[in-house]
2 protein chains.
Amino acid sequence: MKAKGTNSERELIHLLWKEGFASIRCAGSGSSRYPTPDILAGNGKTIVSIEAKSRAKLPVYLTKEEIDDLIKFSEQFGSIPLVAVRIKREQWKLFRIYMLNETDKGYSVTKENYGSGFSISELFRLKFK
Amino acid sequence: MKAKGTNSERELIHLLWKEGFASIRCAGSGSSRYPTPDILAGNGKTIVSIEAKSRAKLPVYLTKEEIDDLIKFSEQFGSIPLVAVRIKREQWKLFRIYMLNETDKGYSVTKENYGSGFSISELFRLKFK
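Residues numbered from 1 in each chain as written. Chains lettered and ligands numbered in written order. Predicted model: local features only at pLDDT ≥ 70, side-chain atom pairs only at ≥ 80, totals over all residues. Heavy atoms only, no water.

1. Here's the deal with the pairing of strand β8 (residues 106-109) of chain B
Residues and elements named next belong to chain B. As judged from the four bridges shared by strand β4 (residues 60-63) and β8, these two strands associate in the antiparallel manner. If you follow Tyr61 over to β8, its bridge partner there is Ser108. Summarising the sheet, strand β7 (residues 101-102) and β8 pair through two bridges and their orientation is antiparallel. Bridged to Asn101 within β8 is Ser108. The antiparallel hairpin formed by β7 and β8 contains three residues in its connecting segment. (Pairing = 2+ DSSP bridges. Helix = DSSP H or I, 4+ residues; strand = E, 2+ residues; numbered from the N terminus.)

In structure tokens:
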């Protein structure tokens, strides 16, 4: 499960470099004592911190803690927090936090909001707020 | 050797958080197919990419490739490239690239330029160029 997550993160990093974003995987994401995203990427103008989820199918769930940590890190670092979702046989989709559904226990990407996600090739258009 | 490097990087990350910099260790530094620094840190204003060296004593050597990769990554990401040096029983010292000595095979921190390094608590003063 962990190796699978790592592999999908490596694929995402490769795609980000192809779009002009210098990108790294963060060590110890999910185990560090500090809030730590999965990926950081920047193109000299836009810097994004990404929580990545690769799943067989929708819906994709994110805990409140995952998103709170992502926001906390991003505010202090100076980056835009994003959730990246990859459903089997589809392309990566990117979501701003406000694009996620709020659930009782956290957040989700479902059939309802999946279509609002944007592609990696649109990432360079991103502006704060 | 690798675990020792990882531990000293964890210590540096802890010190950076204490100074208000959200910080992460980069996975796969030294093995990734892409240029990858050891550490990324940001405080909402200044973002730095760090190559970290923990050594028993001076001089500390850096290969041309290490520094070229650090500069390449930083220019694309949008961060300030720094070298962090920790000599046994001393505090971390930070160096801009131009503060390093150039050698035949790369760069070095020696008794001559070690004193020009600045401390982590001075990092927030950093401006580009």
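2. Section: the relation of the copies chain B and chain A
Between the two copies, chain B and chain A, the superposition gives an RMSD of 0.0 Å; the rotation angle is 180° and the shift along the axis is 0.0 Å. Here the symmetry operator amounts to a two-fold rotation axis. A high fraction, 100%, of the interface residues of chain B reappear at the interface in chain A, so the copies pair face to face through one surface. (Least-squares fit on C-alpha atoms with pLDDT ≥ 70 in both. Contact = heavy atoms within 4.5 Å.)

3. So, a positive patch on the surface
Together, Lys4, Arg55, Lys88 and Arg89 of chain A make up a region of like positive charge exposed at the surface. Within the secondary structure, Lys4 of chain A sits in helix α1 (residues 2-18). (Patch = residues over 30% accessible without salt bridge, like charges linked within 9 Å, V, L, I, M, F, W, Y side chains within 5 Å. Areas by Shrake-Rupley, 256 points an atom, 1.4 Å probe, with all protein chains shown as cover. Salt bridge = Lys/Arg side-chain N within 4 Å of Asp/Glu carboxyl O. Lys, Arg positive; Asp, Glu negative; His and termini not counted. Charge placed at Lys NZ, Arg CZ, Asp CG, Glu CD.)

4. Thoughts on the interface of chain B and chain A
Chain B puts 26 residues into the contact, and the matching count from chain A is 26 residues. Interface of chain B and chain A: buried area, both sides summed, is about 2,100 Å²; carbon and sulfur atoms make up 69% of it. Seen at the junction of chain B and chain A, the total is 10 residue pairs in polar contact (both at pLDDT 80 or more). With four residues, the single largest contributor to the side of chain B that touches chain A is strand β1 (residues 22-25) of chain B. (Buried area = accessible area lost by both parts, 1.4 Å probe. Polar contact = N/O pair within 3.5 Å; in protein donor to acceptor, adjacent residues only side chain to side chain.)

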